[in-house]
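# Structural overview
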Amino acid sequence: SLLNGSVKNDEWEKSKAELGIAPIGNKYAVILCKIEEPDNVFKEEEELNARKRLSLGNFIVDSIFSEVLQSSVYVMSTIVDNMSVYIVNTDRENGFEGVIELCIKETQKIIREYFDFSFITVVSGVHDTYANICEAYDECLAALEHKIFYKDWAIIKYSDANIQHENIYYYYPVEKERLLV
């Protein structure tokens with residue numbers, strides 16, 4: 001799979017043809033959306049258990065976010081470990097991160113207004129080839145570990161998380177270290 005880095009070039013080309021995958025450029029990023037409190041999804045519906053609420057919440061996030069993203073970038077989505085995962089692709093040389101952030105904010109606005117539950121969004125760095133999608137996914141997972149410093153509706157960018165990913169070394173600014181203590 002693209003997220004675990006096991007797709008080779010010939011498999012990628014074959015999959016694109018068979019599945020109708022049509023990237024529009026050579027810039028890729030990964031986005032994760034994680035619902036932190038599934039009990040808030042349809043909280044007025046008492047017969048729903050937490051698993052069903054999480055499933056419905058992910059369905060709502062995926063449906064809305066995919067549609068919003070598709071207006072600006074090419075998107076592929078899936079659910080991994082109860083998180084919505086998006087591989088986004090564009091031909092933009094500049095402004096890709098800004099477009100992603102606008103799409104996230106639009107999705108948050110819609111979900112806040114119509115569904116009243118929150119989620120955290122994590123965005124990887126931008127990569128120049130599909131082969132680096134695995135690295136982008138790992139960046140998201142590493143940045144997600146910093147969620148304790150963020151509030152509901154947070155957008156956590158790997159580039160802002162002060163992570164030295166290769167060494168699994170975390171640097172926290174003084175004000176964030178105080179929060180840990």
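The structure we're discussing is the one just above.
The structure reproduced in this document is the subject of the present report. (Residues numbered from 1 in each chain as written. Predicted model: local features only at pLDDT ≥ 70, side-chain atom pairs only at ≥ 80, totals over all residues. Heavy atoms only, no water.)

## Considering the overall build of the chain
Counting its secondary structure elements, the chain contains five helices and seven strands. Going from N to C terminus, the chain has its helices and strands arranged as α-β-α-β-β-α-β-α-β-β-β-α. The buried share among the 181 residues of the chain stands at 44%. Counted over contacts in the chain with a minimum sequence separation of 6, partners at least 24 positions apart contribute 66%. (Helix = DSSP H or I, 4+ residues; strand = E, 2+ residues; numbered from the N terminus. Buried < 20%, exposed > 50% of the residue type's maximum accessible area, 1.4 Å probe, protein only. Contact = heavy atoms within 4.5 Å.)

## Examining the packing of aromatic side chains
Scanning the entire structure with this criterion turns up two aromatic pairs. Between the aromatic rings of Phe42 and Phe115, the centroid separation amounts to 6.4 Å while the plane-to-plane angle is 85 degrees, which identifies the pairing as edge-to-face. Linking Phe42 in the loop between strand 1 (27–34) and helix 2 (50–70) with Phe115 in the loop between helix 3 (96–114) and strand 4 (120–123), this pair joins segments that are 73 residues apart in sequence. Here the aromatic rings of Phe65 and Tyr86 are separated by 4.8 Å at their centres, their planes lie at 80 degrees, and the arrangement is edge-to-face. With Phe65 in helix 2 and Tyr86 in strand 3 (residues 83–90), this pair connects stretches of sequence that are 21 residues apart. Accessibility classification places Phe65 together with Tyr86 in one group, the buried group. (Phe/Tyr/Trp six-rings, centres within 6.5 Å; stacked < 30°, edge-to-face > 60°.)

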